[in-house]
Amino acid sequence: MEKLYIYNTLTRTKQEFKAINAPFVGLYVCGPTVYSDVHLGNCRTFMSFDMIYRYLTHIGYKVRYVRNVTDAGHLESDADVGEDKISKKAKLSQLEPMEIVQKYTVGFRDVMSLFNALPPSIEPTATGHIIEQQEIAKQIIKNGLAYESNGTVYFDVEKFAKDNNYTVLTNRKLEELLENTRELDGQDDKRGRLDFALWIKAKPEHLMKWPSPWGVGFPGWHIECSAMSTKYLGEQFDIHGGGMDLQATHHTNEIAQNIAYCGKSPANYWMHTNMLTVNGQKMSKSLGNSFLPMELFTGQHPLLEKGYSPMAVRFFMMQTHYRSTLDFSNDALNAAEKAYTRLMESYKTLQNLKPSNTSSENINELEKKCYEAMNDDFNTPVLIAHLFDAIRIVNSTNDKKATLTQTDIDQLKNIYQHFVFDVMGLRKEEETGKANQALAGVMELVIELRNKAKTNKDYVTSDAIRDKLTEVNIQIKDTKEGTNWSI
Ligand code: AMP
Ligand code: ZN
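Below is a summary of the structure that appears in this document. (Residues numbered from 1 in each chain as written. Chains lettered and ligands numbered in written order. Predicted model: local features only at pLDDT ≥ 70, side-chain atom pairs only at ≥ 80, totals over all residues. Heavy atoms only, no water.)

**Here we look at the sheet that holds strand β10 (residues 267–273)**
Spatially, the four strands line up as an open sheet ordered β4-β3-β9-β10, and their pairing is parallel. At either end of the open sheet lies a strand with only one pairing partner, and these are β4 (62–67) and β10. Adjacent strand axes in the sheet meet at a mean angle of 20° when their direction is disregarded. In this structure, strand β3 (residues 24–29) lies alongside strand β9 (residues 237–243), joined through three bridges in parallel fashion. Bridge pairing in β9 places Leu-27 opposite Ile-239. Set on the sheet, helix α7 (residues 221–233) makes contact with β3, β4 and β9; between it and β3 the angle comes to about 165°. (Pairing = 2+ DSSP bridges. Helix = DSSP H or I, 4+ residues; strand = E, 2+ residues; numbered from the N terminus. Axes fitted to C-alpha atoms, helices over the stretch in contact; angles between N-to-C directions. Contact = heavy atoms within 4.5 Å.)

Written as structure tokens, this is what we have:
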């Protein structure tokens, strides 16, 4: 097995990866909260872990990849106050919370499959593991590290921190955290200002609630991941991942819960992916600078000059290391689109190369470098640089400026198969790419015709166009900025 080095947030160093029970690997990644469409930033995190899952599998590990779906307990504040994100959306849309969950879970899976991400081995939901979450909370109370107060169960952070390193993931000082948290005002149910909820008492109007030893309520956000990772991967497993924004609170609390529950820190390696930014600012729904994958594919967003295909976007993501921020820009996407096309063109050329008796290139060395890049904490940008060397070799051989033996050609085909398709998860998309482009062009024309009809007060035609589009599942929406369409 290859020697793989992984940057571990726990130790803040790159460490050789040693699986607890090789060739098996347990990988847990915090999944989406399914209260709205995932934006491109969310997709970056999940695509990074998809690449990590693919590479671990490629080098021979048998990975159980668990990625949860948060369908309850994630409050608006990302802490213990505010409404449940899913309940709020359900009320606004006058739908059942489970209709919201279903809609956005399906949407999330569709988008990830457009990006060619593999489905995880298990996708457990918070609502499907209420009992398990209660059991953990009960045990933590028994172990003296949580307490019930007025129907809510809190984790006692300061008590835990006496014997344990609560801030192991961030290396922050507890005093500093205390200084930055508001003081309790005497009205609070919690004892310490860093305490967080394991179980929350439900107000009468709260939609998703369950009976518990502490009355009717719902689980806190962090406990679901402790419950589901323990259930499917055991009390100690190999890798836990998520976006960097989860490190300071969600993951810090998850580790504390597990230790308080069973005395063990859950994962040996904690991996955090960096953020997708727009003009240097984290892409986020609440900041209003996010856009949806569909908007990206069709080019229908004020920030976009045109549409980009899913594989051009995936390539764009892979060009940056998962621990670096990636700033969105049309220029970068255009460059990625060109580079992706060159890579795919060279793959076509490779299929028709004529072998020679001698070779002017060292393909063994090239393959070695590709593995070295990936073994150095999944360094896809360096891998891509080596693949550009492969493109150069393929094109020079085609132009008769270099020579390759049949063995070299076969090995190059393997390099493309392994690194481009299996590990980076790219796929050929000429057909869908061309079809998407054609559709975008046709839609531009149709919308123009409809607008002309409307200007001429020919509403029969404009309505007929809209109805026909609806019939073929294309929705159009008139906004101040113009007419948008979506599938
Ligand atoms: P959420 O649905 O908010 O729980 O987020 C799902 C995942 O997306 C988490 O792992 C977040 O860390 C990640 N995430 C959120 N915003 C971004 C962003 N701008 N770039 C990369 N990952 C993000
Ligand atoms: Zn989580």
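Next, the rest of the story.
**Observations regarding helix α16 (residues 459–471)**
With 13 residues, α16 should cover 18 Å at 1.5 Å per step; its first-to-last C-alpha distance of 18 Å lies within 8% of that length. Phi turns positive, to about 70°, at Asn-473, one or two residues after α16. (Expected span 1.5 Å × (residues − 1).)

**Notes on helix α4 (residues 130–142)**
In this model α4 runs 18 Å from its N-terminal to its C-terminal C-alpha over 13 residues, within 8% of the 18 Å that 1.5 Å per residue would give. Taken together, the buried positions of α4 are Ile-130, Gln-133, Gln-134, Ile-136, Ala-137 and Ile-140. All buried residues of α4 fall inside an arc of 160° around its axis, so they share one side. Facing away from the buried side of α4, by more than 90 degrees, are the exposed residues Ile-131 and Lys-142. (Buried < 20%, exposed > 50% of the residue type's maximum accessible area, 1.4 Å probe, protein only. Arc of directions from axis to C-beta.)

**Thoughts on the sheet that holds strand β11 (residues 276–278)**
Within a sheet, adjacent strands bond to each other through the backbone by hydrogen bonds, running parallel or antiparallel. Strands sit in the order β12-β11-β13 across an open sheet of three strands; the sheet is mixed. Of all strands in the sheet, those bounded by a partner on one side alone are β12 (281–282) and β13 (326–328). Pairing of β11 with β13 involves three bridges; the strand directions are parallel. Opposite Leu-276, over in β13, you have Leu-326 as the bridge partner.

**Looking at the site of ligand 1**
Close to ligand 1 lie 16 residues; Gly-41, Thr-45, Asp-245, Leu-276 and Met-283 are nearest. Between ligand 1 and Thr-33 there is a distance of 3.0 Å, counted from an oxygen atom to a backbone nitrogen or oxygen. Here an oxygen atom of ligand 1 sits 3.1 Å away from a polar atom, N or O, in the main chain of Gly-243. Relative to its unbound accessible surface of 490 Å², ligand 1 loses 91% to contact with the protein. The element best represented in the shell around ligand 1 is helix α1 (residues 40–58), accounting for four residues. (Near = heavy atom within 4 Å. Polar contact = N/O pair within 3.5 Å; in protein donor to acceptor, adjacent residues only side chain to side chain. Areas by Shrake-Rupley, 256 points an atom, 1.4 Å probe, with all protein chains shown as cover.)

**Details of the pairing of β10**
Here is the key point about a regular strand: its side chains alternate between the two faces of the sheet. Summarising burial for β10: six of the seven residues are buried, a large majority. In the sheet, β9 pairs with β10 via six bridges, with the strands oriented parallel. Within the sheet, the bridge partner assigned to His-240 lies in β10 and is Trp-270. In this region the chain leaves β9, passes through helix α8 (residues 247–262) and returns to the parallel neighbour β10; the handedness of that crossover is right-handed. (Right-handed = clockwise from strand over helix to strand, strands pointing away.)

**Remarks on the packing of aromatic side chains**
Tallied over the entire structure, the rule returns 16 aromatic pairs. Ring centres 4.7 Å apart and planes at 50° place the aromatic pair Tyr-53 and Tyr-65 in the tilted group. Taken as a pair, Tyr-53 in helix α1 and Tyr-65 in strand β4 lie far apart in primary sequence, twelve residues in all. Of the two residues, Tyr-53 and Tyr-65, both sit in the buried class. An angle of 70° between the planes, with centres 4.9 Å apart, marks the rings of Phe-291 and Phe-328 as edge-to-face. Placement of the pair is Phe-291 in the loop between β12 and α9 (293–298) and Phe-328 in strand β13, with a sequence separation of 37 residues. Exposure remark for Phe-328: the relative accessible area of 5% places this residue in the buried category. Members of the aromatic cluster, connected to one another through ring pairs, are Phe-155, Phe-160, Tyr-166 and Phe-196. Geometry around Phe-46 places Arg-67 over its ring, the cationic atom sitting 5.4 Å from the centre. In this arrangement the basic side chain of Arg-191 is found over the ring face of Tyr-147, its NZ or CZ atom lying 3.9 Å from the centre. (Phe/Tyr/Trp six-rings, centres within 6.5 Å; stacked < 30°, edge-to-face > 60°. Lys NZ or Arg CZ within 6 Å of the ring centre and 35° of its normal.)

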